[in-house]
Amino acid sequence: MPPLRTALLQSSGIPGSVARNTEVLDTAARRAAAAGARLLICPEMFLTGYAIGGDVPRLAEAADGPAARDVAEIAVRHRIAVHYGYPERDGDTLYNAAQLIGPDGAALANYRKTHLFGGFEQRWFTPGEQPVVQAELDGVRVGLMICYDVEFPENVRSHALAGTDLLLVPTAQMHPFQFVAESLVPVRAFENQLYIAYVNRTGQEGEFEFVGLSCLAGPDGVVRTRAGRGEELVLADVDPALLAASRAANPYLRDRRPGLYGSLV
């Protein structure tokens with residue numbers, strides 16, 4: 001199975017403008033596809049911006065709404081899968097969500113953030129209840145998660161036990177918590193023997209200062225690509241052969257003793 005070339009779009013787009021952010025996404029998809037990528041990953045709440053306050057109800061859309069159809073057209077036009085964050089509306093309930101669209105325009109998976117961070121998210125969103133959401137892409141089992149979710153070891157371990165090969169984590173990671181991108185994410189990848197794509201916003205947005213530092217970390221704990229602090233599109237490969245070899249050599253999951261961990265729940 002050939003490696004899955006993966007593109008990470010580090011950008012805050014234009015907060016408050018879905019139309020402008022869709023244009024940014026289209027340009028990034030064209031560039032990523034030209035570089036051989038089969039998957040483009042965008043940050044948390046990319047379609048609308050993160051610091052949108054009371055505009056959340058106005059900008060939120062259904063998972064199959066107009067913005068999703070626009071993203072599907074982009075995916076088909078450039079023959080690339082697209083994973084993007086957005087505020088989802090389901091009736092009167094709002095979720096901080098992320099959706100994966102296949103290169104044929106089909107919706108492959110939709111995930112609702114299970115661990116909400118801070119007063120802004122807790123005010124406007126309802127936490128999701130499904131911790132493991134997966135899809136298949138080019139033979140790779142892809143798992144979906146959002147930002148704060150990755151900081152809970154039980155969350156990532158659940159994906160490892162469910163067979164996730166590549167964990168997509170769009171994020172809005174802010175100062176002073178850059179150690180998450182720098183240290184925690186590579187360790188999570190190693191201890192769970194999977195790839196993690198951690199894709200951040202950048203710059204000042206309202207009261208938040210996003211730190212960038214998007215990365216793709218491998219099951220050996222090595223970061224395959226790392227963005228800086230500004231707007232950037234970076235690429236790296238998810239290699240199924242390396243993943244298989246690493247899992248064969250690393251005994252973490254085989255040596256677990258679940259019977260000792262009952263107190264965790």
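That block above? That's the structure.
None of these values were measured; they are calculated from a predicted model.

J.: I tried to follow the nonpolar core on my own but got confused; where do I start?
T.: Across soluble globular proteins, you tend to see nonpolar side chains buried next to one another. Judged by nonpolar contacts, the single largest core of 46 residues is most densely connected at Leu-39, Val-142, Leu-166, Tyr-198 and Leu-216. The residues touching Leu-216, leaving out its near neighbours within four places in the chain, are Leu-8, Leu-166, Tyr-195, Ile-196, Ala-197, Val-222, Val-223, Arg-224, Thr-225, Ala-236, Asp-237 and Val-238.

J.: Can you help me understand the sheet that holds strand E5 (residues 107-112) in this one?
T.: Think of a sheet as strands paired side by side through backbone hydrogen bonds, with each pair either parallel or antiparallel. Pairing is mixed across the open sheet formed by 6 strands, whose spatial order is E5-E4-E3-E2-E1-E14. Unpaired on one side and paired on the other, E5 and strand E14 (232-238) mark the two borders of the sheet. For this sheet the average axis-to-axis angle between neighbouring strands, irrespective of direction, equals 30°. Bridge analysis of strand E2 (residues 39-41) against strand E3 (residues 81-90) gives 3 bridges, and the strand direction is parallel. What sits directly across from Leu-40, in E3, is Val-82.

J.: Would you mind going over the sheet that holds strand E7 (residues 140-144) with me for this structure?
T.: The strand order across the open sheet built from 6 strands is E6-E7-E8-E9-E12-E13, with neighbouring strands paired in mixed fashion. One side of each edge strand has no neighbouring strand; the edge strands of this open sheet are strand E6 (133-137) and strand E13 (223-226). Averaged over all pairs of adjacent strands, the angle between their axes in this sheet comes to 20°, without regard to strand direction. Pairing between strand E12 (residues 215-217) and E13: 3 bridges, direction antiparallel. If you follow Ala-217 over to E13, its bridge partner there is Val-223.

J.: Explain a nonpolar patch on the surface here, please?
T.: A contiguous nonpolar patch, built from Leu-260, Tyr-261, Leu-264 and Val-265 and spanning about 480 Å² of accessible area, is present on the exposed surface. Structurally, Leu-264 is set in the segment after helix H8 (252-255).

J.: Would you mind showing me how to read unusual backbone geometry here?
T.: The bulk of non-glycine residues show a negative phi, and the bulk of peptide bonds are trans. In this model, His-175 is joined to Pro-176 through a cis peptide bond whose omega is 10°. Checked against the element boundaries, Pro-176 lands in the loop between strand E8 (166-170) and helix H6 (179-192). Despite not being glycine, Arg-79 has its phi angle at roughly 55°, a positive value. Position of Arg-79 among the secondary structure elements: in the loop between helix H3 (66-78) and E3. Of note, Cys-147 is a non-glycine position whose phi angle comes to about 45°, a positive value. Tracing the chain through its elements places Cys-147 in the loop between E7 and helix H5 (153-161). A relative accessible area of 7% places Cys-147 in the buried class.

J.: I keep staring at H5 and nothing clicks. Help me out?
T.: Structural remark: α-helix, 3.6 residues per turn; residues separated by three or four positions point the same way. Restricting attention to buried positions, one finds in H5 the residues Asn-155, Val-156, His-159 and Ala-160. Take H5 and look down its axis: the buried residues cluster within an arc of 140°, on one side only. Where H5 is buried, its residues contact E6, E7, E8, H6 and H8. Immediately beyond the C-terminal end of H5, within one or two residues, lies Gly-163, with a positive phi of roughly 90°.

Thresholds, definitions, all that
- Residues numbered from 1 in each chain as written.
- Predicted model: local features only at pLDDT ≥ 70, side-chain atom pairs only at ≥ 80, totals over all residues.
- Heavy atoms only, no water.
- Core = buried A, V, L, I, M, F, W, Y, C linked by side-chain atoms within 4.5 Å.
- Buried < 20%, exposed > 50% of the residue type's maximum accessible area, 1.4 Å probe, protein only.
- Contact = heavy atoms within 4.5 Å.
- Pairing = 2+ DSSP bridges.
- Helix = DSSP H or I, 4+ residues; strand = E, 2+ residues; numbered from the N terminus.
- Axes fitted to C-alpha atoms, helices over the stretch in contact; angles between N-to-C directions.
- Patch = residues over 30% accessible without salt bridge, like charges linked within 9 Å, V, L, I, M, F, W, Y side chains within 5 Å.
- Areas by Shrake-Rupley, 256 points an atom, 1.4 Å probe, with all protein chains shown as cover.
- Salt bridge = Lys/Arg side-chain N within 4 Å of Asp/Glu carboxyl O.
- Arc of directions from axis to C-beta.

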